[in-house]
Amino acid sequence: WSPQGDRLALVLSKDGNPEIYVLTLATGQLDRITRHYGIDTEPTWSPDGASILFTSDRGGLPQIYSLNLKSRDLKRMTFEGKYNSRGRLTQDGRFLTMVHQDSSGFHIAVQDLKDGRLDILTDSRLDESPTIAPNGSIILYATKKGGRGVLAGVSLDGNVRFTMPNTRGDVREPAWSPYL
């Protein structure tokens, strides 16, 4: 959902290839915003609603891109590493969290968009689905512990880490409420 709650970003392959669309709820208008033979997926809104970030393999392997909805200017956001996906911005727009792959697995990482520095925050092998707290201080994510899917958290600076208790089943896809 857009920050204003009036539009929905979604992925459709109705034209033969996964592309990003924006649905305006008041009018029912569906606008295709990406056009590329690569797979475009995982859309998320910038905090001001002016851009959509998404994952695409248009450069060969998954990376995070930003598309300005008004100008349609496209900007690649990630360059370090061969795999970066599921980008999410902090409310102030300064930090980009993501799933980042290195030789030891898939981790949660944060990139400072002011200086470009990428910090890997987790060290388990299969971390996914990062979501940022509304106050921008904690990232929740899904991971594996003892062969079971659990939710874990890490502070944006990487200094605080925790795992949420889970006694049964697998837990995946955390999401924060937009309200504090």
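Rules and cut-offs
- Residues numbered from 1 in each chain as written.
- Predicted model: local features only at pLDDT ≥ 70, side-chain atom pairs only at ≥ 80, totals over all residues.
- Heavy atoms only, no water.
- Helix = DSSP H or I, 4+ residues; strand = E, 2+ residues; numbered from the N terminus.
- Buried < 20%, exposed > 50% of the residue type's maximum accessible area, 1.4 Å probe, protein only.
- Polar contact = N/O pair within 3.5 Å; in protein donor to acceptor, adjacent residues only side chain to side chain.
- Contact = heavy atoms within 4.5 Å.
- Pairing = 2+ DSSP bridges.
- Axes fitted to C-alpha atoms, helices over the stretch in contact; angles between N-to-C directions.
- Salt bridge = Lys/Arg side-chain N within 4 Å of Asp/Glu carboxyl O.

1. Brief notes about the side chain of Asp112
Position of Asp112 relative to the elements: it lies in strand E10 (residues 105-112). We classify Asp112 as buried; its relative accessible area is 3%. Separated by 2.8 Å, the side chain of Asp112 and the backbone nitrogen of Lys114 make a polar contact. Setting aside residues up to four positions removed in sequence, Asp112 forms contacts with Arg94, Phe95 and Arg117.

2. Details of the sheet that holds strand E3 (residues 29-32)
Judged by pairing direction, the sheet is antiparallel, and its 3 strands sit side by side in the order E1-E2-E3 without closing on themselves. For this open sheet the edge positions go to strand E1 (7-12) and E3, each flanked by a neighbour on one side alone. Averaged over neighbouring strand pairs, the angle between their axes works out to 30° when direction is ignored.

3. Concerning the sheet that holds strand E9 (residues 95-102)
Ordered by their spatial adjacency, 4 strands build an open sheet running E8-E9-E10-E11, and the pairing between neighbours is antiparallel. The open sheet terminates on both sides in strands that have one partner only, identified here as strand E8 (84-89) and strand E11 (118-120). Neighbour-to-neighbour, the strand axes of this sheet turn through a mean angle of 30°, independent of strand direction. Relative to E9, E8 is paired through 4 bridges, and the arrangement is antiparallel.

4. Digging into the pattern of salt bridges
Under the definition given, this model contains 10 salt bridges. A salt bridge links Glu19 to Arg32, with the nearest nitrogen and oxygen atoms 3.1 Å apart. Of this pair, Glu19 sits in strand E2 (residues 19-24) while Arg32 sits in strand E3; the two residues are 13 residues apart in sequence, bridging distant segments of the chain. Judged by relative accessible area, which is 1%, Glu19 ranks as buried. Residue Asp115 is joined to Arg117 by a salt bridge in which the shortest nitrogen-to-oxygen separation is 3.3 Å. Residue class for Asp115 comes out partly exposed when judged on its relative accessible area of 47%. When salt bridges with common partners are traced through the structure, they connect Lys14, Asp15, Glu19 and Arg32 into a single cluster.

5. Structural notes on the pairing of strand E12 (residues 128-132)
Along E12, 4 of the 5 residues are buried, which leaves the element largely enclosed by surrounding structure. Both E12 and strand E13 (residues 138-145) contribute to a ladder of 3 bridges, which runs antiparallel. Within E13, the position partnered with Glu128 by the bridge is Ala142. Hairpin connection from E12 to E13: 5 residues lie between these consecutive antiparallel strands, with Gly136 at a positive phi of about 75°.

6. Here's the deal with the environment of Asp157
For Asp157, the position within the fold is in the loop between strand E14 (148-155) and strand E15 (161-163). Note: C-alpha distance between Asp157 and Asp31 (126 residues apart in sequence) is 37 Å. Among the polar contacts made by the side chain of Asp157, one reaches the side chain of Ser155 at a distance of 2.5 Å.

So yeah, pure geometry; function would need other evidence.
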